[in-house]
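Descriptive analysis of the structure
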Amino acid sequence: MTTHFTELAKAAAADGTVDPQEVLALRRQGWGDGVIHQDEAEALFALNDALDQRDSEWCDFFVEAIGEYVLNGTPPRLQCDDAEARWLIAQIDHDGVVDSVVELETIVRIIERAENVPTLLKDYVVKQIEQEVLTGTGPTRCGGELSDTHITGTEAKILRRVIFASGGCGPAAVSRFEAEMLFRLKDATLASANSPEWEQLFLDGVENYLKGFTVANAQLDHDRRLELQRFVADNEPNVGRFMSRMVREAPNVSQNFANAMGVVFGKRKDGAVSEHAGEKIVAASIEGAKVTQAEKDWVNTMVEADGELDDLERRLIARIAAAG
């Protein structure tokens with residue numbers, strides 16, 4: 001199956017084009033066994049590199065197939081571990097640059113779909129967009145723009161999708177790395193004709209970093225999730241019988257057992273509701289919304305970096321002050 005797939009990919013690459021029938025053949029062959037394998041994914045990257053033009057059918061298939069391999073090629077599903085992230089970056093960055101929009105879109109879609117991705121994958125995309133803005137070259141630039149240092153609508157939208165994506169150490173939470181990148185882009189493009197989406201992204205992103213909050217265990221890492229899935233798969237038929245038998249055969253400990261289970265599920269043994277996870281998250285969100293002195297110092301450092309207070313910085317400070 002895999003050999004036939006790679007032969008199809010090589011044949012399609014021979015003339016630098018891939019027509020709808022070839023895409024259909026690859027789709028049928030690739031999903032013939034329900035799984036995209038690594039050598040098939042690498043054959044798709046080689047084919048994409050050989051193409052002179054990439055139509056929508058090819059792009060849709062490529063994004064879907066590579067995402068399927070990275071997120072679901074190995075258990076647990078919808079997870080991208082460090083090795084998979086490094087493989088993906090190596091496939092795209094083999095010549096030092098992201099060559100096509102479809103490659104960039106592939107990473108962004110993986111980050112959006114994943115329950116968790118390594119920070120290095122998000123950081124890679126952010127760095128690529130920053131490089132494109134500052135140099136004026138890259139897959140988001142079509143035909144060469146007049147200004148090297150300006151932010152296009154495409155770039156603003158990609159940055160928003162990545163920094164607010166569910167995948168990563170903090171779902172929809174902007175990191176300090178990302179917030180500082182937003183400041184660098186702002187400083188570099190103040191005099192440029194940026195896309196209207198950029199200003200809102202800057203304000204939303206930095207405010208999220210300052211007033212948002214993260215939960216330390218918001219996402220399980222790849223190994224822990226796999227461990228839990230294996231436990232459930234191995235023990236699911238027996239857990240109910242085990243628990244009921246334990247209570248039945250040891251009636252003298254049944255009350256203690258009930259109390260212990262009450263603690264696990266958020267109640268104290270006297271029947272009162274404890275400070276369960278939901279209450280803790282609410283408390284953390286309230287606390288996280290406060291701008292600490294350390295965060296104020298950080299803002300001052302970022303604002304003073306270029307020696308002036310610009311309009312976007314004024315609007316940011318006013319927004320934070322108005323929110324309390």
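Our subject is the structure listed above.
Presented here is an overview of the structure given in this document.

Conventions and cut-offs
Residues numbered from 1 in each chain as written. Predicted model: local features only at pLDDT ≥ 70, side-chain atom pairs only at ≥ 80, totals over all residues. Heavy atoms only, no water. Patch = residues over 30% accessible without salt bridge, like charges linked within 9 Å, V, L, I, M, F, W, Y side chains within 5 Å. Areas by Shrake-Rupley, 256 points an atom, 1.4 Å probe, with all protein chains shown as cover. Salt bridge = Lys/Arg side-chain N within 4 Å of Asp/Glu carboxyl O. Lys, Arg positive; Asp, Glu negative; His and termini not counted. Charge placed at Lys NZ, Arg CZ, Asp CG, Glu CD. Helix = DSSP H or I, 4+ residues; strand = E, 2+ residues; numbered from the N terminus. Buried < 20%, exposed > 50% of the residue type's maximum accessible area, 1.4 Å probe, protein only.

**Comments concerning a negative patch on the surface**
- On the surface, D15, D19, D52, D55, E57 and D60 cluster together into a patch of negative charge.
- Mapped onto the elements, E57 comes out in helix α4 (residues 56-72).

**Looking at unusual backbone geometry**
- With an omega dihedral of -5°, the bond running from P75 to P76 counts as a cis peptide bond.
- Following the sequence through the fold, P76 ends up in the loop between α4 and α5 (82-92).
- For L78, which is not glycine, the phi dihedral falls at a positive 60°.
- Considering the arrangement of structural elements, one finds L78 in the loop between α4 and α5.
- For L78, a relative accessible area of 25% puts it in the partly exposed group.

**Focus: the pattern of salt bridges**
- Enumeration over the complete set of coordinates arrives at 16 salt bridges.
- Residue K157 pairs with E197 through a salt bridge whose shortest N-O separation is 3.7 Å. Placement of K157 in helix α8 (residues 153-163) and of E197 in helix α10 (residues 196-211) is noted, with a sequence separation of 40 residues between them.
- Residue classification places K157 among the partly exposed residues on the basis of a relative accessible area of 49%.
- In this structure E197 comes out as partly exposed when scored by relative accessible area, which is 32%.

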